[in-house]
Amino acid sequence: MFTRLREDIAAIRQKDPAARSNWEVFTCYPGLHAVMLHRVAHQCWTSGFKWLGRYVSQYARFLTGIEIHPGATLGRRVFIDHGMGVVIGETAVIGDDCTIYQGVTLGGTSLARGAKRHPTLEPGVIVGAGAKVLGGFTVGEGAKIGSNAVVVKPVPAGGTAVGNPARIVRAETRSDTPRQGGDAQAGGSSGAGSHARKTEFSAYGITPNADDPVSLAIHGLIENATDQSHKIDVMVAALNQLGAHLEALGASKIDTAELRKLGKEIQDM
């Protein structure tokens, strides 16, 4: 019990630069309190004391603003940052070293009792603030869910999902996924682990240079349409100039060489 508590505190200090001491984390972080009380509620639930498990979970919700069903399974070093408004459903499974921000919902879309209705987060997943992950699918190891994304289908390992409905905007190889567990364990109470991770922790699931390809395509179309409109305006102006020039010359005085020159100018635009 105390080993897991030390791991949790070390993981929080590693991921949150605002954490100044172990005592501050232990006394002032509702995400840690919610996880600690969930372990009690989950033990009651799995031991057959269903009502007691629900009561403990509701007490934790009252204290922290974080609602975790006692049937949900949480791994080691799970960090719920800020946490207000987080809802985690009964059949949700959260792997080791996952990070969940405020306003996140791990919800179900099925009404079938006993079915896997809520998502599974594999180790190292980061779920940004306000994101909704809905359904009994799996979010792969090291994946990132952007803030306010609505995820309704599986996310591959190392991928980044954004938007509503969410789209995969970046798919990394498994070797790129962060391994935070070794750091949290090696760091002890200080949380400054001696093992270097392969990638930096991405707060709120923000990944550099991970622009939405749909947004990029739309911007490209807008720029192309603007460029085409400008070219059309230039061609219309040139044609108007050609017509005025012909009227000035008169039908009997048309200079063929000059017409060719104007036509070439139009083609070059």
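Residues numbered from 1 in each chain as written. Predicted model: local features only at pLDDT ≥ 70, side-chain atom pairs only at ≥ 80, totals over all residues. Heavy atoms only, no water.

To continue, consider the overall build of the protein. Counting secondary structure elements, the protein contains seven helices and 15 strands. Looking at the protein as a whole, 42% of its 269 residues are labelled buried. (Helix = DSSP H or I, 4+ residues; strand = E, 2+ residues; numbered from the N terminus. Buried < 20%, exposed > 50% of the residue type's maximum accessible area, 1.4 Å probe, protein only.)

Moving on, we come to the packing of helix α3 (residues 30-46) against helix α4 (residues 50-64). Interaxial distance between α3 and α4 falls to 7 Å at its minimum, and their mutual angle equals 170 degrees. Taken as axis vectors, α3 and α4 run roughly antiparallel relative to one another. Two secondary-structure elements touch here, α3 through P30, H33, A34, L37, V40, A41, C44 and W45 and α4 through K50, L52, G53, R54, V56, S57, A60, L63 and T64. Looking at the contact of α3 with α4 residue by residue, the class counts come to 11 nonpolar, four polar and two charged. (Axes fitted to C-alpha atoms, helices over the stretch in contact; angles between N-to-C directions. Parallel < 35°, antiparallel > 145°, perpendicular 65-115°, else oblique. Contact = heavy atoms within 4.5 Å. Nonpolar A, V, L, I, M, F, W, Y, C, P; charged D, E, K, R; others polar.)

If you trace the five strands from one edge of the open sheet to the other, you get β1-β4-β7-β10-β13, paired in parallel fashion. Each of the sheet's edge strands pairs with one partner strand only, and the pair in question is β1 (67-68) and β13 (150-151). Alignment of strand β10 (residues 132-134) against β13, held across two bridges, turns out to be parallel. From the neighbouring strand, V133 faces β13, where its bridge partner is V151. (Pairing = 2+ DSSP bridges.)

Glancing now at the side chain of S57. You can see S57 is positioned in helix α4. Among the polar contacts listed, one links the side chain of S57 to the backbone oxygen of R54, at a separation of 2.7 Å. Residues in contact with S57, not counting those within four places in the same chain, are A41, I68 and P70. (Polar contact = N/O pair within 3.5 Å; in protein donor to acceptor, adjacent residues only side chain to side chain.)

This part takes up the packing of helix α1 (residues 2-15) against α3. Look at α1 against α3: their axes get within 11 Å of each other, and the N-to-C directions meet at 155 degrees. Taken together, the axes of α1 and α3 are roughly antiparallel relative to one another. Remark: the crossing between α1 and α3 carries right-handed chirality. In contact with R4, L5, D8, I9 and I12 of α1, α3 contributes L32, V35, M36 and R39. Classifying every residue of the contact of α1 with α3 gives six nonpolar, no polar and three charged. (Left-handed = near helix turned anticlockwise from the far one by under 90°.)

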